[in-house]
Amino acid sequence: MNQATAAIALGSNLGNSLETLQAAVQQIGASPGFRLTNQSHWYRTQAVGPPQPSYINGCLLLQTHHPPSQILQRLLDIELQFGRVRQQHWGPRTLDLDLLLYDQVVMETPALTLPHPRLHERAFVLVPLAEILPTWVHPILGTQAAEEEGLPNPGLTQRQSWTIAQLRQAIDCTGVERLPPRLEAT
Ligand SMILES: Nc1ncnc2c1ncn2[C@@H]1O[C@H](COP(=O)(O)OP(=O)(O)OP(=O)(O)O)[C@@H](O)[C@H]1O
Ligand SMILES: Nc1nc2c(c(=O)[nH]1)N=C(CO)CN2
């Protein structure tokens, strides 16, 4: 059966974040039909949004035959399992899992937008994602359709297409610090 590539962003800034994130990776990898193929390092990142503690962020890649809606549902279930409660918009959380992309699929429903609509502007996503998927081309940015919809072109010059590595180069990535590997084993 044909498998799709999906990328997932993980973040946490409440509780023992590293432990939670590592347990979440295990849960995702152990989910039927999800094959974990790559994982970024973990990064300590300055919080975007209201004042709150810094986050730990990372990304991973899956091969899967599940459709995007089922992947999102599994991610929401795992968030709940780790005690995620939605309170403040962009506020602190024990675990946040976002589906960043699914092959070149472009979709928008009330429950799911692909690619993730803020992927291209977030250093805490682009830095880890560029480690594991630098050559993926954003299916909307830089295209005619994006301009017609008023989507921002993230660089000063016009491009026909944007890879993850190019998007990462185009934004300010200060405040995103790779954690030393020894911390990953704790
Ligand atoms: N690509 C996506 N990945 C994850 N959730 C998505 C996506 N597109 C839409 N959603 C919807 O967004 C809802 C709210 O997500 P959430 O509370 O995690 O947002 P947030 O993390 O506060 O903000 P942001 O979306 O900017 O990261 C989810 O219940 C989900 O239905
Ligand atoms: N550094 C950082 N900031 C955030 C994050 C996150 O994962 N990392 N998630 C948010 C809500 O999705 C809001 N702000």
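Now for a quick tour of the structure. (Residues numbered from 1 in each chain as written. Chains lettered and ligands numbered in written order. Predicted model: local features only at pLDDT ≥ 70, side-chain atom pairs only at ≥ 80, totals over all residues. Heavy atoms only, no water.)

### Thoughts on the overall build of the protein
If you tally the helices and strands in the protein, you get six helices and eight strands. Ordering the α and β elements of the protein from the N terminus gives β-α-β-β-β-α-β-β-β-α-α-α-β-α. Taken across its 186 residues, the protein has 45% of its residues classed as buried. Pairs at least 24 residues apart make up 71% of the contacts formed inside the protein by residues separated by at least 6 positions. Summed over its atoms, the accessible surface of the protein is roughly 9,700 Å², and 52% of this surface lies on carbon and sulfur atoms. (Helix = DSSP H or I, 4+ residues; strand = E, 2+ residues; numbered from the N terminus. Buried < 20%, exposed > 50% of the residue type's maximum accessible area, 1.4 Å probe, protein only. Contact = heavy atoms within 4.5 Å. Areas by Shrake-Rupley, 256 points an atom, 1.4 Å probe, with all protein chains shown as cover.)

### Description of the site of ligand 2
Close to ligand 2 lie T45, Q46, A47, V48, Y55, N57, W90, R93, D96 and F124, which account for all nearby residues. Separating a nitrogen atom of ligand 2 from a backbone N or O atom of Q46 is a distance of 2.8 Å. In this structure, an oxygen atom belonging to ligand 2 sits 2.8 Å away from a side-chain N or O atom of N57. Contact with the protein chains covers 97% of the free accessible surface of ligand 2, which is 340 Å². Residues belonging to the shell around ligand 2 are distributed by class as follows: five nonpolar, three polar and two charged. (Near = heavy atom within 4 Å. Polar contact = N/O pair within 3.5 Å; in protein donor to acceptor, adjacent residues only side chain to side chain. Nonpolar A, V, L, I, M, F, W, Y, C, P; charged D, E, K, R; others polar.)

### Quick word on unusual backbone geometry
It is generally the case that most residues other than glycine have a negative phi and that most peptide bonds are trans. That bond from L114 to P115 is cis: its omega, -15 degrees, falls within 30 degrees of zero. Turning to its location among the elements, P115 is positioned in the loop between β7 (113–114) and α3 (123–132).

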